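Architecture at a glance
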Amino acid sequence: MMNTHSKPQAPEDIVRDEKAQLDFSKSMSYGDYLQLDAILGAQKPLSPDHNEMLFIIQHQTSELWMKLMLHELRAAIANVANDELGGAFKMLARVSRIMEQLVHAWDVLATMTPPEYSAIRPYLANSSGFQSAQYRCIEFALGNKNAAMLKPHAHRPDLLAQVQAAYQAPSLYDEALRLLARRGLAVPASHTQRDWTQSYVESDEVEQAWLVVYRDPKKYWDLYQLGEELTDLEDAFRLWRFRHVTTVERVIGFKRGTGGTGGVSYLRKMLDVVLFPEIWKLRTDL
Ligand code: HEM
């Protein structure tokens, strides 16, 4: 009989006493369920360099988190469109936490020094995160539309169809504004019915509509909460962009990117993208 003062058990005895299942010849194991053979078999360094494994896993894990982000984001957009804000808040909070997790993930990649990256650079050819289909779907779902970003996917009709769908659909912010309009706030028709492929144009009327919400949170509590969820999300996204450009600068300086852009100069321009402009502007005018 065990009590708190008895000697610790041997590890083998613990496993036996706990009756853990150890025979998986006839049932599904952990690795089977998670398809670990496929996932853990997908790291195939092209160079002889030790550090390429870090580079590959950093990108692959980011893509996995992006997959979850998109899954949550798409459902959140549908919920906002259907006036189901409770579910949307839960998912948007998760998207923001995933984004924060990806912000911290840069700490691992920052351990890669310039000579370490230079050793694998020739093997990367023209591949770049710029061509990430999932990332582009996220940008489009958040409203940063840009037809030029469809082109890297032209050779892959399956991916092109996904990116195109995100390009043509209303963004999270578009759906938020349509919701405000349904709640009787004065959002102009130009912002509730439009060609969703066009980039978002900031509007004084939209800011006024958000100001009505922010001036009376009690009356518009769920819309006010939606505004703050959007703020959280863009805040986390800005941090991700910033950590990316800073990590890139410490690793490659001002060299051109593998994707062909000026590198840091391109990524710095992306820091100026504002996804939900009126949500930020209203803070000055409140
Ligand atoms: C040492 C590591 C890295 C370097 C040197 C680097 C460099 C760059 C550069 C220079 C660009 C601009 C496009 C180009 O010309 O290539 C870019 C874009 C991009 N990178 Fe990275 N990157 C690194 C790691 C990562 C990681 C881990 C991710 C995560 C998935 C990532 C995702 C992206 C995305 C999504 C873009 C497109 C950004 C946009 O269009 O706004 N990068 N990267």
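Quick notes on the rules
Residues numbered from 1 in each chain as written. Predicted model: local features only at pLDDT ≥ 70, side-chain atom pairs only at ≥ 80, totals over all residues. Heavy atoms only, no water. Helix = DSSP H or I, 4+ residues; strand = E, 2+ residues; numbered from the N terminus. Buried < 20%, exposed > 50% of the residue type's maximum accessible area, 1.4 Å probe, protein only. Contact = heavy atoms within 4.5 Å. Areas by Shrake-Rupley, 256 points an atom, 1.4 Å probe, with all protein chains shown as cover. Lys, Arg positive; Asp, Glu negative; His and termini not counted. Charge placed at Lys NZ, Arg CZ, Asp CG, Glu CD. Near = heavy atom within 4 Å. Polar contact = N/O pair within 3.5 Å; in protein donor to acceptor, adjacent residues only side chain to side chain. Nonpolar A, V, L, I, M, F, W, Y, C, P; charged D, E, K, R; others polar. Phe/Tyr/Trp six-rings, centres within 6.5 Å; stacked < 30°, edge-to-face > 60°. Lys NZ or Arg CZ within 6 Å of the ring centre and 35° of its normal. Donors = N, O, S within 2.8 Å, 3.2 Å for Na, K, Ca; no water. Core = buried A, V, L, I, M, F, W, Y, C linked by side-chain atoms within 4.5 Å.

1. Considering the overall build of the protein chain
- Across its full length, the protein chain carries 13 helices and 0 strands.
- Along the protein chain, helices (α) and strands (β) appear in the sequence α-α-α-α-α-α-α-α-α-α-α-α-α when read from the amino end.
- Overall size of the protein chain, expressed as C-alpha extent along the three principal axes, is 70 × 55 × 35 Å.
- A total of 286 residues make up the protein chain; the buried ones form 39% of that total.
- Summarising the internal contacts of the protein chain: among those between residues at least 6 apart in sequence, 68% fall at separations of at least 24.
- Carbon and sulfur atoms make up 58% of the accessible area of the protein chain, which totals about 16,400 Å².
- Looking at charge distribution, the protein chain has the averaged site of its 32 positive side-chain charges lying 3 Å from that of its 36 negative ones.

2. Concerning the site of the ligand
- Around the ligand lies a shell of 26 residues, among which Ser128, Arg136, His244, Thr261 and Tyr266 are the nearest.
- Contact distances for the ligand include 2.7 Å between an oxygen atom and a side-chain N or O atom of Ser128.
- Mapped onto the shell around the ligand, the elements with two or more residues apiece are helix H4 (52–81), helix H5 (85–109), helix H7 (133–141), helix H11 (221–252) and helix H12 (264–270).
- By residue class, the composition of the shell around the ligand is 13 nonpolar, 12 polar and 1 charged.

3. Some words on the packing of aromatic side chains
- Applying the stated criterion across every chain yields a total of 13 aromatic pairs.
- Taking the centre distance of 5.2 Å and the plane angle of 70 degrees together, the rings of Tyr214 and Tyr224 count as edge-to-face. Residue Tyr214 is located in helix H10 (residues 204–215), and its partner Tyr224 is located in helix H11; the two are separated by 10 residues in the primary sequence.
- The class of Tyr224 is partly exposed, set by a relative accessible area of 24%.
- Here the aromatic residues Tyr173, Tyr200, Trp210, Tyr214, Trp221, Tyr224 and Phe276 are joined through ring pairs into a cluster of three or more.
- Against the face of Phe130 rests Arg136, its NZ or CZ located 5.5 Å from the ring centre.
- Looking at Arg238, its charged tip hangs above the ring of Trp280, at a distance of 4.1 Å from the centre.

4. Details of the coordination of the iron atom of the ligand
- You will see that the iron atom of the ligand has only one donor from the protein, His244 (NE2), lying 2.3 Å away.
- Looking at where His244 falls in the secondary structure, it is placed in helix H11.

5. Re the nonpolar core
- Ranked by internal contacts, the top residues of the largest apolar core, which has 70 residues, are Leu73, Leu142, Leu172, Tyr173, Trp210 and Leu230.
- Setting aside residues no more than four positions away along its own chain, Leu142 makes contact with Leu73, Ser171, Leu172, Leu233, Phe237, Leu275 and Phe276.

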